[in-house]
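In case you want the letters, here they are:
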Amino acid sequence: MNNKKIVAQGFDIIGDIHGYVDALKRLLSTLGYQEINGVWGHPKRKAIFVGDLVDRGTKQKELCELVRKMVDAGQAELSIGNHEFNAVGYATAKGDGTYLRKHSSTNTKHHQAFLDCYPFHSAEHLEMIEWFKNRPLWLELETLSGQPARVIHAYWHNEKLELLKKYLHHNGQAWVMGTDFDQRFYHSDEEAFDLIELLLKGPEVDLPQGASYFDSGQKERKRSRVNWWTKGKTWRESCILGGFKVNGLDLDEPFNALPCKIYDDEIPIFFGHYWMNGELAVQTSKVACLDWSIAKKGRLVAYRWDGEQDLSVNKMVAVQWSVELDEH
Ligand SMILES: [Mn+2]
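What you are looking at is a predicted structure, and each value in this text was computed from that prediction instead of being measured.

Asks: Before we go on, may I ask you to explain the overall build of the chain in this structure?
Replies: Along its length, the chain carries eight helices and 20 strands. Taking 328 residues into account, the globule formula puts the C-alpha radius of gyration at 20 Å, and the chain, at 19 Å, falls close to it. In terms of its C-alpha atoms, the chain occupies a principal-axis envelope of roughly 60 × 50 × 45 Å. The contacts in the chain between residues at least 6 apart in sequence include a share of 67% that link residues at least 24 apart.

Here's what the structure looks like:
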């Protein structure tokens, strides 16, 4: 993919954190990382973050600074999530008094905890946004013995990533939006927008006529995130509804509406984004979601990857949410 590979003996790939820095510190300690001269690191391994550091939790500044120090010291890399992408749009003026991501009451409410940590257009805010713009949109990992793996926030699709490159900058190491990024990413009638939506938020499907559910903000939704790693036979197996109850649809009805390609490459893929719950699991021997809902009293999860090409739940390490972590 022309994306310079990140090489290490082993990698610890860490799911969506959303400001829960205490949970991250506990996870890093569990994995054998230590804080030396203010920077967390490991003598033989690198940490890889799958995105969505920001929004929700109250300690986003401490988290962003911890991760940034690790990245700047060569101990880690961040593949950005849709929440970092949205933060960039929210911070960027269009020149007509509005912003690439609208400052609507809903958008502002969802971003408020971040803005409480980084006052809007303060020097620290602008600096962090600049740093996000220059982080990769996906990563290719390789162990010292040459074993490959892939990382992206929500959905991997080779041809779509190729198409996306014409809107990106290559910084010598990875494909990034860049400082003077292409504003078409934020215009809904543009290909660049569709590609980012797909890769950072994942494919979605329209529910059948008359079916809908109410999300945690009591907003009625008529589309669902969809499972792109196994071919579901029913709506229940195919939709990722985060526990929300669908009205007007029998979820055990056959499902024939898959809007995307099932991932069937041989290279393992790690991602986040999907608010998993229940028993810890990998999705297939090649596919592992690492978002286990720390910001909804779930778990913060890492996959301790040593180059194996068949993934196993035994390589996942979890920190359970507790009131002592990040809730004071
Ligand atoms: Mn996400």
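There's more to say after this.
Asks: I keep staring at the packing of helix H3 (residues 82–91) against helix H5 (residues 123–133) and nothing clicks. Help me out?
Replies: The relative placement of two packed helices comes down to the angle between their axes together with the axis-to-axis distance. Viewed as axis vectors pointing N to C, H3 and H5 meet at an angle of 130°, and their least axial separation amounts to 10 Å. Overall, the two elements H3 and H5 adopt an arrangement that is oblique. Helix-helix and strand crossings are classified by hand; for H3 and H5 the assignment is left-handed. Only His 125, Ile 129, Phe 132 and Lys 133 of H5 make contact with H3, whose side of the interface consists of Glu 84, Ala 87, Val 88 and Ala 91. Considered class by class, the residues forming the contact of H3 with H5 number five nonpolar, one polar and two charged.

Asks: Hey, could you run me through the sheet that holds strand E14 (residues 223–226) in this one?
Replies: Paired through their backbone hydrogen bonds, the strands of a sheet run either parallel or antiparallel. Across the sheet, which stays open at both edges, the three strands sit in the order E11-E14-E15 with antiparallel pairing between neighbours. The open sheet terminates on both sides in strands that have one partner only, identified here as strand E11 (204–206) and strand E15 (239–240).

Asks: Would you mind showing me how to read the domain arrangement of the chain here?
Replies: Where interface size is given, it is often the accessible area lost as the parts come together that is meant. The domain architecture assigned to the chain consists of domain 1 (6–196 + 265–320) and domain 2 (204–259). A separation of 26 Å is found between the C-alpha centroids of domain 1 and domain 2. Each partner contributes to the interface: domain 1 provides seven residues, whereas domain 2 provides seven residues. Broken down by class, the residue content of the side of domain 1 that touches domain 2 amounts to four nonpolar, three polar and no charged.

Asks: It is not clear to me how helix H7 (residues 191–201) should be interpreted in this structure. Could you clarify?
Replies: Spacing of three or four residues puts side chains on the same side of an α-helix, whose turn is 3.6 residues. Of the residues making up H7, those classed as buried are Leu 195, Ile 196, Leu 199 and Leu 200. The arc that holds every buried residue of H7, seen down its axis, measures 105°, which confines them to one face. For H7, the secondary structure elements touched by its buried residues are H3, strand E8 (148–152) and helix H6 (158–164). In the stretch just after H7, Gly 202 is the one whose phi turns positive, near 85°.

Asks: What's the story with the environment of Trp 40 in this structure? I'm lost.
Replies: Along the polypeptide, Trp 40 turns up in strand E4 (residues 39–41). Trp 40 sits 36 residues away from Ala 76 along the chain, and the two C-alpha atoms are 9.3 Å apart. Here Trp 40 is in contact with Leu 28, Tyr 33, Glu 35, Leu 66, Met 70 and Gln 75, once residues within four sequence places are set aside.

Asks: Sorry if this is basic, but what is going on with unusual backbone geometry here?
Replies: Most peptide bonds take the trans form, and the phi angle of most residues other than glycine is negative. The backbone of His 18 sits at a positive phi, close to 50°, despite the residue not being glycine. On the secondary structure map, His 18 appears in the loop between strand E2 (10–14) and helix H1 (21–30). Here His 18 falls in the buried class, since 25 other C-beta atoms lie within 10 Å of it. Positive phi outside glycine occurs at Ser 293, with the angle close to 65°. Its place among the elements puts Ser 293 in the loop between strand E18 (291–292) and strand E19 (299–305). Judged by the 20 C-beta atoms lying within 10 Å of it, Ser 293 is buried.

Asks: What is the right way to read the sheet that holds strand E1 (residues 6–8) from this model?
Replies: In space, the five strands of this open sheet follow the order E1-E7-E8-E16-E17, with mixed pairing throughout. Looking at the sheet topology across the chains shown, the edges are occupied by E1 and strand E17 (287–289). Ignoring strand direction, the axes of neighbouring strands in this sheet form an average angle of 25°. With three bridges connecting them, E1 and strand E7 (residues 138–143) associate as parallel partners. Looking at E7, one finds that Ile 6 is bridged to Leu 141.

Asks: What should I look at first to understand the nonpolar core in this one?
Replies: A general trend in soluble globular proteins is that nonpolar side chains are found buried together. By size, the foremost hydrophobic cluster in this structure holds 90 residues, and its most contacted members are Ile 13, Leu 24, Ile 48, Phe 270 and Leu 290. Per-domain counts for this core show at least three residues from each of domain 1 (6–196 + 265–320) and domain 2 (204–259).

Asks: Would you explain H3 in this entry?
Replies: For H3, a buried count of nine out of 10 residues is recorded, marking the element as mostly surrounded by other parts of the structure. Taken as a whole, H3 has its buried residues at Asn 82, His 83, Glu 84, Phe 85, Asn 86, Ala 87, Val 88, Tyr 90 and Ala 91. On its buried face, H3 is in contact with helix H4 (105–117), H5 and H7.

Asks: What should I look at first to understand the pairing of E19 in this one?
Replies: Consecutive side chains of a regular strand alternate in pointing toward one face of the sheet and then the other. Buried residues dominate E19, accounting for six of its seven residues. The pairing of E2 with E19 spans four bridges and is classified as antiparallel. Paired with Ile 13 across the bridge in E19 is Tyr 303. Across two bridges, E18 lies against E19 in antiparallel orientation. Residue Asp 291 lies in a different strand from E19, and its bridge partner there is Leu 300. Counted along the chain from E18 to the antiparallel partner E19, the turn is six residues long, and its residue Ser 293 has a positive phi close to 65°. Note: E19 against strand E20 (residues 316–320), five bridges, orientation antiparallel. Of the residues in E20, the one forming a bridge with Leu 300 is Val 319.

The rules we used
Residues numbered from 1 in each chain as written. Predicted model: local features only at pLDDT ≥ 70, side-chain atom pairs only at ≥ 80, totals over all residues. Helix = DSSP H or I, 4+ residues; strand = E, 2+ residues; numbered from the N terminus. Rg over C-alpha atoms; globule rule 2.2 N^0.38 Å. Contact = placed C-beta atoms within 7 Å. Axes fitted to C-alpha atoms, helices over the stretch in contact; angles between N-to-C directions. Parallel < 35°, antiparallel > 145°, perpendicular 65-115°, else oblique. Left-handed = near helix turned anticlockwise from the far one by under 90°. Nonpolar A, V, L, I, M, F, W, Y, C, P; charged D, E, K, R; others polar. Pairing = 2+ DSSP bridges. Domains from an automatic or database assignment. Buried ≥ 20, exposed ≤ 12 C-beta atoms within 10 Å, placed from the backbone. Arc of directions from axis to C-beta. Core = buried A, V, L, I, M, F, W, Y, C linked by C-beta atoms within 7 Å.

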